Every structure is written in C-alpha cells, then in structure tokens.
Amino acid sequence: MPKEIKKRDALVGQVHTRKANVASQQKSTDKLTFVMVSENNEGMRYDWRISDSEFIERLDINGANMDELNTFFKNHNRDVDDAIGRVENKRMEGTSLLGDVVFDESGADTKRKYENGTLSDVSIGYRINKYTVEERQGEPDIVTITDFNIVELSAVGIGFDSGAKFQGRDANFNTGEDGMNELEKRL
C-alpha cells in the first residue's frame, strides 16, 4: 500500500521536467496537438540526496492542474526569447493529457521540424505538491505524483514519456504496438 514518507520532501514545490514523445502524422495547420502526459508515463529518476538512490516516478494525471500552463518553450528555457507558441485546449482525453500548440513566427522552424518528423518529443515542466511512495524490497520504490501543477510545455530532443505521441487531426493515439512502454516491459 503506497504511503507518504518524509525522505523525499525535497521533491515538493520544485519545478521538475519530463519529456514526452510525439510522432509526426499531420501536415501544416495552424496548430499541432500533443499528448503531454500518457497513461504509461513512468520512468526512472535518481535521488542524489539519498545515497544515489533511484526510484520510478509516475504521474497520476487525475492530479494534474494545468491552470498555469500557457506557453510553449524551447528546451525548458523559460525565457522570453525561447517562448515559441501558446498552449490551448488543454484537456484529459481517455487516460492522457493533451494540448494544442499554436506556434508564433519565432516557432515556425520548430513547427516544421515536428511536421516533417525531425522532432518527435515534447516535455512538461511541473511542480510537485503531493506524492505517495510504494516501498519495494530489492527494487526501486515507486513514487506516484498525485497532485502537481504543469507550468510549461517544451520542444526537446529526447523524450521521457514513451507513451506520448503526436496526434493527427483524426488519428487515434496509443502507447505503441502492444500498448506498453519499455519500462513496463521490464517491470
């Protein structure tokens, strides 16, 4: 049974980043739709403060607050010059969080890279408010983030969330051929 413990209290209140995958399926339009967090979003994290321990982090999308999410950046650089679009129509669809990105003029090159498949990944920046920990003997603990604020979405080169995909206008999205990401296959 998961329980909240104090050894990772340093996680609370910090802005964390997560990468997600997208796959190009749509040609030029005014906006592109991204799966920002998928159902199968867990990944390995390292807690350098606790004897170099590692743990599996999972976001519970039911605990996501997207009120602060407005801007699309490059590489988590939350600088005015790296703002290349706005995030609209943020929503839960099935078991994933999606958002539409409307690129401005400075983001035209980045948008083209998504459309032609050069880029495939996005990443969220988020602040953790609450989490639970499932301690496991001989295996990494599972930390489930149960309450978090998504503060930005960014274009990045490599994704964290292997189940997140770029969604075409009428396309269905899934986590892959068998519906599982690589971490799930190892667990």
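Below is a short write-up of the structure. Values in this document were obtained by computation on a predicted structure and should not be read as measured data.

A few points about the layout of surface pockets
Unoccupied space between atoms shows up once a probe the size of one water molecule is rolled over them.
Turning to step 1, where the next piece is worked out: When its volume is computed, the largest pocket comes out at roughly 240 Å³.
Turning to step 2, where the next piece is worked out: Lining the largest pocket are twelve residues; nearest its centre among them are Leu11, His16, Tyr46, Asp47 and Phe55.
Turning to step 3, where the next piece is worked out: Contributions of two or more residues to the lining of the largest pocket are made by strand E3 (43-47) and strand E4 (53-59).
Turning to step 4, where the next piece is worked out: A total of four residues in the lining of the largest pocket trace back to one element, the largest contributor, which is E3.
Turning to step 5, where the next piece is worked out: For the lining of the largest pocket, a count of residues per class yields six nonpolar, two polar and four charged.

Topic: the pairing of strand E9 (residues 121-134)
Turning to step 1, where the next piece is worked out: Here E9 pairs with strand E10 (residues 141-156) via 13 bridges, running antiparallel. Bridged to Arg127 within E10 is Asn149.
Turning to step 2, where the next piece is worked out: Where E9 hands over to E10, the hairpin turn is made up of six residues, of which Gly138 adopts a positive phi near 75°.

Details of the pattern of salt bridges
Turning to step 1, where the next piece is worked out: A full pass over the atoms with the stated rule returns eleven salt bridges.
Turning to step 2, where the next piece is worked out: Linking Arg58 and Glu42 is a salt bridge whose minimum nitrogen-to-oxygen distance equals 3.1 Å. Residue Arg58 is found in strand E4, and its partner Glu42 is found in the loop between strand E2 (31-37) and E3; the two are separated by 16 residues along the sequence.
Turning to step 3, where the next piece is worked out: Taking the relative accessible area as the measure of exposure, Glu42 reaches 8% and is therefore buried.
Turning to step 4, where the next piece is worked out: The partner of Arg91 in a salt bridge is Glu93, with the nearest N and O atoms 3.3 Å apart.
Turning to step 5, where the next piece is worked out: Overlapping salt bridges, with partners in common, bring together Lys31, Arg91, Glu93 and Asp100 in one network.

Criteria and thresholds
- The residue numbering used here restarts from 1 in each chain and proceeds along that chain's sequence as written.
- At least 70 in pLDDT is required for a residue's local features to be given in this predicted model, at least 80 for side-chain atom pairs to be given and counted, and no such filter applies to totals for whole chains, interfaces and linings, which use all residues.
- As a rule here, side-chain values cover all heavy atoms of the structure and leave hydrogens and water aside.
- Both cavities and pockets are sets of points on a 1 Å grid over the protein atoms alone; in a cavity a 1.4 Å probe fits but cannot get out, in a pocket the set is open with protein on both sides within 12 Å along at least five of seven lines, and lining residues sit with an atom within 4 Å of a point.
- Grid points are joined across faces, edges and corners, and a volume is the space filled by probe spheres set on the points.
- Segments assigned H or I by DSSP are reported as helices when at least four residues long, segments assigned E as strands when at least two residues long, and all are numbered from the N terminus.
- Gly counts as polar in this scheme, as do all residues outside two lists: the nonpolar Ala, Val, Leu, Ile, Met, Phe, Trp, Tyr, Cys and Pro, and the charged Asp, Glu, Lys and Arg.
- Should DSSP find at least two bridges between two strands, the strands are taken to pair.
- Take a side-chain nitrogen of Lys or Arg and a carboxyl oxygen of Asp or Glu: if they are within 4 Å of each other, that pair is a salt bridge.
- Exposure is judged per residue with a 1.4 Å probe applied to protein chains only, and the accessible area is read against the type maximum: over 50% gives exposed, under 20% gives buried, and values in between give partly exposed.

Keep in mind these values describe shape, not function.
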